[in-house]
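Spelled out from the first residue to the last, the chains are:
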Amino acid sequence: MNLGRIIGRVVATRKDDRLRGIKLLLLQPLRSDQTEIGGPIVAVDSAGAGASEMVLWVTGKEAAIPFRRDVPVDACVVGIVDSADVSG
Amino acid sequence: MNLGRIIGRVVATRKDDRLRGIKLLLLQPLRSDQTEIGGPIVAVDSAGAGASEMVLWVTGKEAAIPFRRDVPVDACVVGIVDSADVSG
Amino acid sequence: MNLGRIIGRVVATRKDDRLRGIKLLLLQPLRSDQTEIGGPIVAVDSAGAGASEMVLWVTGKEAAIPFRRDVPVDACVVGIVDSADVSG
Amino acid sequence: MNLGRIIGRVVATRKDDRLRGIKLLLLQPLRSDQTEIGGPIVAVDSAGAGASEMVLWVTGKEAAIPFRRDVPVDACVVGIVDSADVSG
Amino acid sequence: MNLGRIIGRVVATRKDDRLRGIKLLLLQPLRSDQTEIGGPIVAVDSAGAGASEMVLWVTGKEAAIPFRRDVPVDACVVGIVDSADVSG
């Protein structure tokens, strides 16, 4: 599971029917010290993430789990991060 | 999920039976600022993508979801992108 | 399967319901000689891992297997490592 | 999905029972301009690929789909490529 | 599918119950010319691999297939390699 920040939106009017009604977010992957890693990816959302929030996201087929049906997605925001702290 | 652009076609006459009738696209992966990232890959299409359109695509087993049956594909175009905007 | 060390915690109050009650660990991936490889990732735990312990972890959909239900996770600690020895 | 060329064979007499009777190919991944990318991998075949042919192959669990049963493979040739052309 | 060599063992006394009785191997990934690629990973075994043998291994959820039940593993040795030859 990875950390990231919501930085924008993707709009796609013509799309696979299973994606209707699902918001597409532009997400910048982050390291735990909140520096950027790689470029932005597109993710869907099951946690109600808002603009510029730090989030927890998953990749792969498990990204479809929150939708309780088969949707063709491979990245999903599953939580809003309050803190990510290295201990000791 | 990733962004990309349709740049060509792949033709394969001899292939696994489950791929019959499925169009094979040559797709250039893009960053959200539309610069290229890596080299072209081959993807199938469930969104009716045309030449040179900017698209949204997924990887992995979820690429088979739009076909509602087991097809041996690992990359699928699932939407035509109208815009991918960084906010604020 | 990979080696790593537990280096901290991630707290996410707002999250997908399936993640309720599941501890989120900050994990530093390690090589077998215990040097670091890449940056920390977020993992869940099915082995009772404590702070600074060396662990064995898996990635992908199989990370959900210990939970015996569909949870949207893609990295899970599955063992505490006693030793990782190159032979001969 | 990826392009590649069959460059050799792998022989494994002792192996998981589910792999009995399945040919193991040495495959060089290629870019769409037919230059090499990375080193050779081992793939199984569901398209009748012959030596030095340019092929289309898939990775991940979907590599097992052509076998219509659970086989422990993660790369499978699914087509022989006639052409991979960038348009316009 | 990948080539590799068994270079050691990993011992984990405290672990997920589904891993009980499953041997954990330290495996060095190899190219087809038997040079090393990347660092060692941890894999389970369904082919009876011994120390220093050259093996064929798979990654991902398919690594659990030889166990005919859900085990949280993502890399599994599935064959002992007799030869990996580039033809012609």
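Relevant structure appears above.
A short tour of the structure in this document, coming up. (Residues numbered from 1 in each chain as written. Chains lettered and ligands numbered in written order. Predicted model: local features only at pLDDT ≥ 70, side-chain atom pairs only at ≥ 80, totals over all residues. Heavy atoms only, no water.)

What follows covers the relation of the copies chain B and chain A. Between chain B and chain A, which share one sequence, the superposing operator has a rotation angle of 72 degrees and an axial displacement of 0.0 Å; the RMSD is 0.0 Å. The transformation just described matches what one would write down for a five-fold rotation axis. (Least-squares fit on C-alpha atoms with pLDDT ≥ 70 in both.)

Interface size is commonly expressed as the accessible surface area that is lost when the partners come together. Listed per partner, the contact involves 27 residues of chain B and 26 residues of chain A. Across the interface of chain B and chain A, roughly 2100 Å² is buried in total on both sides, 54% from carbon and sulfur atoms. Contact with chain A buries area across many residues of chain B, yet Met1(B), Glu62(B) and Ile65(B) alone supply 32% of it, more than any other trio. Inspection of the region where chain B meets chain A yields one salt bridge. For Glu53(B), the salt bridge goes to Arg14(A), with nearest N and O atoms at 2.9 Å. (Contact = heavy atoms within 4.5 Å. Buried area = accessible area lost by both parts, 1.4 Å probe. Salt bridge = Lys/Arg side-chain N within 4 Å of Asp/Glu carboxyl O.)

Moving on, we get to the relation of the copies chain C and chain A. Turning chain C through 72 degrees and shifting it by 0.0 Å along the axis lays it on chain A, with an RMSD of 0.0 Å. The two copies present different faces, since only 4% of the interface residues in chain C are matched by interface residues at the equivalent positions in chain A.

Opposite the 26 residues of chain C that make contact, chain A presents 27 residues. Here chain C meets chain A over a buried area of about 2100 Å², counting both sides, of which 54% is carbon and sulfur. It is Arg14(C), Arg18(C) and Asp74(C) in chain C that bury the most area against chain A; as a group they hold 27% of the surface buried on that side. Put simply, chain C and chain A have one salt bridge between them. Along the contact surface separating chain C from chain A lie 14 residue pairs in polar contact (both at pLDDT 80 or more). At the level of secondary structure, the elements contributing two or more residues to the side of chain C that touches chain A comprise strand S1 (2-11), strand S2 (24-30) and strand S3 (41-45) of chain C. It is S1(C) that contributes the most residues to the side of chain C that touches chain A, five residues altogether. Its residues placed into classes, the side of chain C that touches chain A shows 15 nonpolar, three polar and eight charged. (Polar contact = N/O pair within 3.5 Å; in protein donor to acceptor, adjacent residues only side chain to side chain. Helix = DSSP H or I, 4+ residues; strand = E, 2+ residues; numbered from the N terminus. Nonpolar A, V, L, I, M, F, W, Y, C, P; charged D, E, K, R; others polar.)

The next subject is the pairing of strand S1 (residues 2-11) of chain A. Both S1(A) and strand S4 (residues 54-59) of chain A contribute to a ladder of four bridges, which runs antiparallel. Counterpart to Arg5(A) in the pairing with S4(A) is Met54(A). Sheet topology places S1(A) next to strand S2 (residues 24-30) of chain A; seven bridges connect them, and they run antiparallel. Across the sheet, the residue bridging to Val10(A) is Leu24(A), located in S2(A). Judged from the four bridges that link them, S1(A) and strand S6 (residues 83-86) of chain B form a sheet pairing that is antiparallel. Looking across to S6(B), one finds that Val10(A) is bridged to Ala84(B). (Pairing = 2+ DSSP bridges.)

Taking C-alpha atoms as the reference, chain B and chain C come no closer than 11 Å and do not contact one another. Left apart from each other, chain B and chain E have a closest C-alpha approach of 11 Å.

Bringing the environment of Arg18(E) into the picture now. With respect to the helices and strands, the residue Arg18(E) is situated in the loop between strand S1 (2-11) and strand S2 (24-30). Accessibility expressed as a relative area gives 12% for Arg18(E), which makes it buried. The spatial distance from the C-alpha of Arg18(E) to the C-alpha of Arg69(E) is 9.1 Å, given a sequence separation of 51 residues. Dropping the residues within four chain positions of it, Arg18(E) is found in contact with Ile65(C), Pro66(C), Arg68(C), Arg69(E), Asp70(E), Val71(E) and Pro72(E). Within the structure, Arg18(E) has its side chain in polar contact with the backbone oxygen of Pro66(C) (distance 3.4 Å). A polar contact is formed between the side chain of Arg18(E) and the side chain of Asp16(E), at a distance of 2.6 Å. (Buried < 20%, exposed > 50% of the residue type's maximum accessible area, 1.4 Å probe, protein only.)

Turning to the pattern of salt bridges, a few remarks are in order. Residue and element names in this part refer to chain C. As enumerated under the stated definition, the model contains 15 salt bridges over all chains in all. Here Asp17 and Arg20 are joined by a salt bridge, their closest N and O atoms 3.8 Å apart. Using a relative accessible area of 56% as the deciding quantity, one classes Asp17 as exposed. Judged by its relative accessible area of 43%, Arg20 falls in the partly exposed class.

Let's shift gears to the environment of Ile37(B). Residues and elements named next belong to chain B. Mapped onto the secondary structure, Ile37 falls in the loop between strand S2 (24-30) and strand S3 (41-45). In this structure Ile37 comes out as partly exposed when scored by relative accessible area, which is 40%. For the pair Ile37 and Ser83, spaced 46 residues apart in sequence, the C-alpha to C-alpha distance is 18 Å. Sequence-distant contacts of Ile37, defined by excluding residues within four places in its chain, comprise Gln28, Pro29, Leu30 and Arg31.

From the geometry alone we can't say anything about function, so treat these as descriptive.
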